[in-house]
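Residues per chain, in single letters:
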Amino acid sequence: TLFRSIDNNFKILTFNKSAEKMFGYSAEEMIFTTLLDDRIIPKKYLDGHIAGLKNFMKTGELKNKDVVFELEAQTKDKKLFPIRISFGTKIEKNKMIVVANIQNITQEKEKDTLIIQQSRLAAMGEMIGNIAHQWRQPLSAISVAASGMKMQKEFGILTDDSFVESIDGIVRSSQFLS
């Protein structure tokens, strides 16, 4: 978790060790620089972020105060990663400050993806088990009919009616399987 704060001129006031580790910038590179660029905020979020900050500086009201967002941020080498971010404010001596609480949720997202994959594999295994169960009875019926016909033929007792009945059973079972 990191805390980043900016003043009414959009200058970064704090950039802690967690922020350094998360984004790859040192505090010296970030402190007192303007946040209104795409160093840590991806371009797709930049306009909304700037509009929200400008609105707060003008009105003193933060539209999404205490709302938690899941967005993306980017590292110094422009790699995107998922974050959870919420904003708070502080107004003191005619100074308005926005504080962002940012968490890197890469590992959480990876775990979620793994759980989803495992769940899909478990469902697929269960489905295959159900299919196997459904196939056992018709395969058994085909096997019994064929064995019965063979045995009746060997003993010379296979009648035309018995043969047709067994073949019809094999065809029904085969159609069920297909």
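Rules and cut-offs
- Residues numbered from 1 in each chain as written.
- Predicted model: local features only at pLDDT ≥ 70, side-chain atom pairs only at ≥ 80, totals over all residues.
- Heavy atoms only, no water.
- Phe/Tyr/Trp six-rings, centres within 6.5 Å; stacked < 30°, edge-to-face > 60°.
- Helix = DSSP H or I, 4+ residues; strand = E, 2+ residues; numbered from the N terminus.
- Buried < 20%, exposed > 50% of the residue type's maximum accessible area, 1.4 Å probe, protein only.
- Core = buried A, V, L, I, M, F, W, Y, C linked by side-chain atoms within 4.5 Å.
- Axes fitted to C-alpha atoms, helices over the stretch in contact; angles between N-to-C directions.
- Parallel < 35°, antiparallel > 145°, perpendicular 65-115°, else oblique.
- Left-handed = near helix turned anticlockwise from the far one by under 90°.
- Contact = heavy atoms within 4.5 Å.
- Nonpolar A, V, L, I, M, F, W, Y, C, P; charged D, E, K, R; others polar.
- Expected span 1.5 Å × (residues − 1).
- Arc of directions from axis to C-beta.

## Things to note about the packing of aromatic side chains
Line of reasoning, step 1. Enumeration according to the criterion identifies three aromatic pairs in this entry.
Line of reasoning, step 2. A ring pair is formed by Phe 23 and Phe 81, whose centres lie 5.8 Å apart and whose planes are at 55°; its orientation type is tilted. One end of the pair, Phe 23, is in helix H1 (residues 17-23); the other, Phe 81, is in strand S4 (residues 80-92), and 58 residues separate them in sequence. Judged on exposure class, the residue Phe 23 and its partner Phe 81 are both buried.
Line of reasoning, step 3. Pairwise contacts between aromatic rings join Phe 15, Phe 23 and Phe 81 into one cluster.

## Here's the deal with the nonpolar core
Line of reasoning, step 1. With 27 residues, the main nonpolar core has Ile 6, Phe 15, Phe 23, Leu 35, Ile 40, Val 98 and Ile 102 as its most contacted residues.
Line of reasoning, step 2. Counting residues per element, the ones that place at least two in this core are strand S2 (12-15), H1, helix H3 (43-59), S4 and strand S5 (95-104).
Line of reasoning, step 3. In terms of residues, this core owes the most to one element, H3, which gives five residues.
Line of reasoning, step 4. Among the nonpolar cores identified, the runner-up in size contains five residues, and Ile 142, Ala 145, Ile 170 and Leu 177 belong to it.

## A closer look at the packing of helix H4 (residues 106-154) against helix H5 (residues 160-177)
Line of reasoning, step 1. Running from N to C, H4 and H5 cross one another at 160°; their axes reach a closest spacing of 9 Å. As judged from the angle between their axes, H4 and H5 are roughly antiparallel. H4 and H5 meet at a crossing whose hand is left-handed. Counted together, Gln 134, Trp 135, Pro 138, Leu 139, Ala 141, Ile 142, Ala 145, Ala 146, Met 149 and Gln 152 of H4 and Ser 162, Phe 163, Ser 166, Ile 167, Ile 170, Ser 173, Ser 174, Phe 176 and Leu 177 of H5 form the full contact between these two elements.
Line of reasoning, step 2. Looking at the contact of H4 with H5 residue by residue, the classes come out as 13 nonpolar, six polar and no charged.

## Digging into the side chain of Glu 20
Line of reasoning, step 1. Within the element layout of this structure, Glu 20 appears in helix H1.
Line of reasoning, step 2. Overall, the relative accessible area of 18% leaves Glu 20 in the buried class.
Line of reasoning, step 3. The contacts of Glu 20, once residues within four sequence positions are left out, are Phe 15, Tyr 25, Ser 26, Ala 27 and Glu 28.

## Side note on H3
Line of reasoning, step 1. For H3, built from 17 residues, the straight-helix expectation of 24 Å at 1.5 Å per residue is met to within 8% by its first-to-last C-alpha distance of 25 Å.
Line of reasoning, step 2. Restricting attention to buried positions, one finds in H3 the residues Leu 46, His 49, Ile 50, Leu 53, Phe 56 and Met 57. Down the axis, H3 shows its buried residues gathered within 130° of arc, on one side only. Projecting away from the buried face of H3 at angles above 90 degrees are the exposed residues Lys 44, Asp 47, Gly 48 and Lys 58.

## Notes on the environment of Leu 139
Line of reasoning, step 1. Summarising the element assignment, Leu 139 is placed in helix H4.
Line of reasoning, step 2. On a C-alpha basis, the gap between Leu 139 and Leu 62 in space is 69 Å, while along the polypeptide they are 77 residues apart.

## What to know about unusual backbone geometry
Line of reasoning, step 1. Its identity is not glycine, yet Phe 10 carries a phi of approximately 65°, on the positive side.
Line of reasoning, step 2. Structurally, Phe 10 can be placed in the loop between strand S1 (2-6) and S2.
Line of reasoning, step 3. The buried category is assigned to Phe 10, whose relative accessible area is 12%.
Line of reasoning, step 4. At Phe 32, a residue that is not glycine, the phi angle is positive and equals roughly 65°.
Line of reasoning, step 5. The topology assignment puts Phe 32 in the loop between helix H2 (27-30) and H3.

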